[in-house]
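A closer look at the structure
Each chain is listed here by its residues.
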Amino acid sequence: MESDAKASGRRIGDILSAGASWLETRKIEDARLQCEWLAAALLWFTQLGLSVVSPLLIFIFGSVWLRDKTGAGEWLVAVGVALGVIGAIGGLVSSLKSMARLSGSGKKQENKDSFNEHE
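Quick caveat: nothing in here was measured; it's all calculated off a predicted structure. (Residues numbered from 1 in each chain as written. Predicted model: local features only at pLDDT ≥ 70, side-chain atom pairs only at ≥ 80, totals over all residues. Heavy atoms only, no water.)

Description of the overall build of the protein chain
Regarding its fold elements, the protein chain presents 2 helices and 0 strands. Each of the 119 residues in the protein chain was classed as buried or not, and the buried ones make up 12%. Excluding contacts between residues fewer than 6 apart, the proportion of contacts in the protein chain whose partners are at least 24 apart in sequence is 61%. When the accessible surface of the protein chain is totalled, it reaches about 10100 Å², and 66% of it is carbon and sulfur. (Helix = DSSP H or I, 4+ residues; strand = E, 2+ residues; numbered from the N terminus. Buried < 20%, exposed > 50% of the residue type's maximum accessible area, 1.4 Å probe, protein only. Contact = heavy atoms within 4.5 Å. Areas by Shrake-Rupley, 256 points an atom, 1.4 Å probe, with all protein chains shown as cover.)

Now the structure itself:
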């Protein structure tokens, strides 16, 4: 009887230690997934910022440089700002589309019945 109690105690101990090791493994996996998510989010925000800010800065500095070199009026800087804003909006739209595509929220629902295949 005493050996049965010890054996069942060992079994319970084995089950508890296996459960603890599973829980520890699960915590490590969750931490790894959180780090991967954080890295992906940081990468996406960096890409978004660069794709919005880069065209704006390039066009503004380019137009100022061109104005100084050619002696053109301030209208050239206004054109550069306008082109930079258009480029920034294009970069924003492109980044948002790619993010929606990666997250799966931009999936189009497939219509199973097409016009010629319905009954």
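What follows continues from the structure just given.
Re the pattern of salt bridges
Where charged atoms from two side chains of opposite charge approach closely, those side chains can pair. Within the structure shown, the criterion is met by 2 salt bridges. Asp-68 serves as the salt-bridge partner of Arg-67, at 3.1 Å between the closest nitrogen and oxygen. Counted as one network, the salt bridges with shared partners bring together Arg-67, Asp-68 and Glu-74. (Salt bridge = Lys/Arg side-chain N within 4 Å of Asp/Glu carboxyl O.)

Quick notes on a nonpolar patch on the surface
A grouping of Phe-59, Trp-75, Val-79, Leu-83 and Ile-86 is seen on the molecular surface, where their side chains present a nonpolar patch of about 510 Å² in accessible area. The leading source of residues in the nonpolar patch is helix H2 (residues 75-103), at 4 residues. Of note, Val-79 is situated in helix H2. Note on Val-79: relative accessible area 39%, which makes it partly exposed. (Patch = residues over 30% accessible without salt bridge, like charges linked within 9 Å, V, L, I, M, F, W, Y side chains within 5 Å.)

Some words on H2
Its 29 residues give H2 an end-to-end C-alpha distance of 42 Å, which sits within 8% of 42 Å, the value for a rise of 1.5 Å per residue. Within H2 the residues assigned to the buried category are Leu-76, Val-77, Gly-80, Gly-84, Ala-88, Gly-91, Ser-95 and Ser-98. Following H2 by one or two positions, Gly-104 has its phi on the positive side, about 90°. (Expected span 1.5 Å × (residues − 1).)

Some words on the packing of aromatic side chains
Pairs of aromatic rings are described using the distance from one ring centre to the other and the angle between the two planes. Within this structure, the stated rule accounts for 1 aromatic pair. Ring geometry for Trp-44 versus Phe-45: centroids 5.0 Å apart, planes at 65°, classification edge-to-face. For Trp-44, a relative accessible area of 15% gives the class buried. (Phe/Tyr/Trp six-rings, centres within 6.5 Å; stacked < 30°, edge-to-face > 60°.)

Considering the side chain of Ser-95
When you line up the elements, Ser-95 lands in helix H2. In this structure Ser-95 touches Trp-44, Gln-47, Leu-48 and Ser-51, once residues within four positions along its chain are discounted.

Here we look at the environment of Gln-47
Mapped onto the elements of the fold, Gln-47 is located in helix H1 (residues 2-70). Note: C-alpha distance between Gln-47 and Ser-95 (48 residues apart in sequence) is 7.7 Å.

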